[in-house]
Amino acid sequence: MKKIAKTLLLAGIILSLFLGPVFAGGSKESASASGKTVIEVWSEDRHDMEYVEAKVAEYNATNTDNIQINLTIISDNFRNMLQMAFGGGTAPDVAGINAIPINMIASTGIAMPLNDFIANSPEYQKVNDPYNQIYEGTNAQNGNIYWIPTGMRSGVRVIYNKSLLEQCGYTEIPKTLSEYIDMAADITKQGNSRFYGIGFTNASPFERLLEMVSEMSGIYYYDYVNGRFDFSGYKPVLEEGRRFFTENIAYPDQQGVDNMRALFSVGMFALWSNASQEAAVFTEQIPVQGFEWGVAELPTLTGEVTGALETTPSKGWGIISSTKHPEEAWKVIEFFQSEDFLKGYLEAGYCLPSTDYMASIIDSSKTGRLADFALKPYETVYPKPPAINLSGDDYRTVFWNTVQGYIDIDDAIADLNKRYNEALDADVASGSATRLVIKDYDPLHPDQGTPEYLTE
């Protein structure tokens, strides 16, 4: 029945994209008769739906701008739905567009730049600090700003079983990757198949630990200064990472992420790595049983942080360029990104604050374990490397196969450098991509450089 209902819902949404002007026109006329301008808003998020719907109802009942928000949640095929609606003339006025690639919303003209609206809104600037949240290739392109984050998902952290560590003689997480692996190996040895030092999911395991260790060690897969892909720096991390398998340290079965979370929650392994979404997972979705769990920073190659840890901006609202009510659409965005709205949203634990102002306003005691994932000074958003038409496995797949011993490390790096740069050169030559160059790139502050886009 659920599958049938879902299919009918999807079919109804698709039908509405083409017949929408007939039905939406009638509802807007009705609303206009009551003196209100209807602003259609689309979101793909269900996890925060209860809070957002309640605040929208409050806004509709109390705002003095004569605006009525019609909120629609589309959790399946959101990107395609938005493209189809835009092409068919039934797109919303405002949409949550943070998960949509910037090329799609900028180059195709689906979303309009917000620069002028932001410049003329002091209150929005105070709350959202927009000029310090411009991330090239993520929410901005060529000087145009399309959305500003309302929050952040943290970079990866070490999540650990305090009881198991103490039982095995450890009280803190080591600073170097080598010592971290040594500790995991010792815990596995002491566990004698009853428990293990560390567990990995089969879903993007390289990203969830070793890639982020590499970032904090100043290693990244794109050479911004020269505008080329370069995977050479990963060699020492891959050599250390292989120990998880050559020394039989890791829990001997990689499963889906929720299965591995469940195994951690009952004490089958001591170390797990993931981002701030685990705060809710281990307190509500898959509660930890019978032990206290801690959160710590990742180790690095040398024990020093020499590069930025990548974070993910969340919940950004944009104005769809086909709107007939851009001023009212902006007022709706001001509402979604107001101090009042964001205070409740952040205190409910939906994401971390992305500005110092909101961090100072919220009561962090209400956010539960999310407070343990508070952003570090070295966390930021990287400029997006060029999107290319790559043939073969991506670097995360190749590197995890390398860690497991299936591919030689030098061969893997040579193959990736060749395939990625051949694809980049071909796409730049064809005009389907541009070469991003940041001559003043700083690995600790990748978001602060001056980007250039080259056509050769």
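Residues numbered from 1 in each chain as written. Predicted model: local features only at pLDDT ≥ 70, side-chain atom pairs only at ≥ 80, totals over all residues. Heavy atoms only, no water.

Draft legend 1. Structural view of the overall build of the protein chain. Regarding its fold elements, the protein chain presents 19 helices and 17 strands. The C-alpha radius of gyration computed for the protein chain amounts to 24 Å, which stays within 12% of the reference 23 Å derived for 456 residues, consistent with globular compactness. By its C-alpha atoms, the protein chain is 75 × 55 × 45 Å across when sized along the principal axes. Split into buried and exposed, the 456 residues of the protein chain put 49% on the buried side. In the protein chain, the proportion of contacts linking residues at least 24 apart, taken out of those at least 6 apart, comes to 75%. (Helix = DSSP H or I, 4+ residues; strand = E, 2+ residues; numbered from the N terminus. Rg over C-alpha atoms; globule rule 2.2 N^0.38 Å. Buried < 20%, exposed > 50% of the residue type's maximum accessible area, 1.4 Å probe, protein only. Contact = heavy atoms within 4.5 Å.)

Draft legend 2. Up close: the sheet that holds strand S2 (residues 67-73). The strand order S2-S1-S3-S14-S6 describes an open sheet built from five strands, whose pairing is mixed. A single partner strand is all that each edge strand has here, and the edge strands are S2 and strand S6 (149-153). In this sheet, neighbouring strand axes are inclined to one another by 20 degrees on average, regardless of whether the strands run parallel or antiparallel. Running over the sheet, helix H3 (residues 78-88) touches strand S1 (37-43) and strand S3 (94-96) and is turned about 145 degrees from S1. (Pairing = 2+ DSSP bridges. Axes fitted to C-alpha atoms, helices over the stretch in contact; angles between N-to-C directions.)

Draft legend 3. Up close: helix H19 (residues 409-430). Over its 22 residues, H19 runs 32 Å from end to end, which matches the ideal 32 Å to within 8%, given 1.5 Å per residue. Taken as a whole, H19 has its buried residues at Ile409, Ala412, Ile413, Leu416, Asn417, Arg419, Tyr420, Asn421, Ala423, Leu424, Asp427 and Val428. In this structure, the buried residues of H19 make contact with strand S9 (222-223), strand S10 (228-229), helix H11 (235-241), helix H18 (395-403), strand S16 (435-437) and strand S17 (452-454). One side-chain oxygen of the residue at the start of H19 lies 3.1 Å from the amide nitrogen of Asp410, identifying that residue as Asp408. One or two residues past the end of H19 sits Gly431, with phi positive at roughly 90 degrees. (Expected span 1.5 Å × (residues − 1). Polar contact = N/O pair within 3.5 Å; in protein donor to acceptor, adjacent residues only side chain to side chain.)

Draft legend 4. Fine view of empty space enclosed by the protein. Taken as a whole and assessed by the stated rule, the structure comprises one cavity of 30 Å³ or more. Empty space within the largest cavity amounts to approximately 40 Å³. Forming the boundary of the largest cavity are Gly199, Phe200, Thr201, Pro205, Arg208, Trp272 and Ser273. (1 Å grid on protein atoms, 1.4 Å probe; cavity = no way out; pocket = protein on both sides within 12 Å on 5 of 7 lines; lining within 4 Å. Points joined across faces, edges and corners; volume = space filled by probe spheres on them.)

Draft legend 5. Molecular detail of the nonpolar core. Ile198, Phe231 and Leu271 are the most contacted members of the largest nonpolar core, which totals 60 residues. Take this core: its biggest share by element is eight residues, from H19. Contacts of Ile198, omitting those with residues within four sequence positions, involve Tyr180, Ala184, Leu209, Phe244, Ile249, Ala250, Tyr251, Phe269, Ala270 and Leu271. The next biggest cluster of nonpolar side chains, apart from the first, holds 32 residues, and it includes Tyr59, Ile69, Tyr124 and Ile145. (Core = buried A, V, L, I, M, F, W, Y, C linked by side-chain atoms within 4.5 Å.)

Draft legend 6. Molecular detail of the side chain of Glu379. Topologically, Glu379 is positioned in strand S15 (residues 379-380). In this structure the side chain of Glu379 is engaged in a polar contact, spanning 2.7 Å, whose partner is the backbone nitrogen of Gly155. Looking at Glu379, its side chain comes within polar contact range of the side chain of Arg157, at 2.5 Å.

Draft legend 7. Molecular detail of the sheet that holds strand S8 (residues 196-198). If you trace the four strands from one edge of the open sheet to the other, you get S8-S11-S7-S12, paired in mixed fashion. One side of each edge strand has no neighbouring strand; the edge strands of this open sheet are S8 and strand S12 (293-296). On average, each strand axis in the sheet is tilted by 20 degrees relative to the strand beside it, whichever way the strands run. Along the sheet, helix H13 (residues 257-265) contacts strand S7 (157-161), strand S11 (269-274) and S12; its crossing angle with S11, the most-contacted strand, is approximately 140 degrees. Running at roughly 180 degrees to S12, helix H14 (residues 278-285) makes contact with S7, S11 and S12 of the sheet.

Draft legend 8. Spotlight on the pattern of salt bridges. What the rule picks out here adds up to 24 salt bridges. Between Lys315 and Asp48 there is a salt bridge; the shortest N-O distance is 3.0 Å. Linking Lys315 in strand S14 (residues 312-319) with Asp48 in the loop between S1 and helix H2 (49-62), this pair joins segments that are 267 residues apart in sequence. Residue classification places Asp48 among the buried positions, given a relative accessible area of 1%. The partner of Arg243 in a salt bridge is Glu240, and the shortest N-O contact between them spans 3.6 Å. Taken together, the shared-partner salt bridges in this structure form one network comprising Asp182, Glu240, Arg243 and Glu247. (Salt bridge = Lys/Arg side-chain N within 4 Å of Asp/Glu carboxyl O.)

Draft legend 9. Region of interest: the environment of Asn202. With respect to the helices and strands, Asn202 occurs in the loop between S8 and helix H9 (205-208). A relative accessible area of 45% places Asn202 in the partly exposed class. Separated by 53 residues in sequence, Asn202 and Gln255 place their C-alpha atoms 5.3 Å apart. When neighbours within four sequence positions are excluded, Asn202 is seen to be in contact with Gln254, Gln255 and Gly256.

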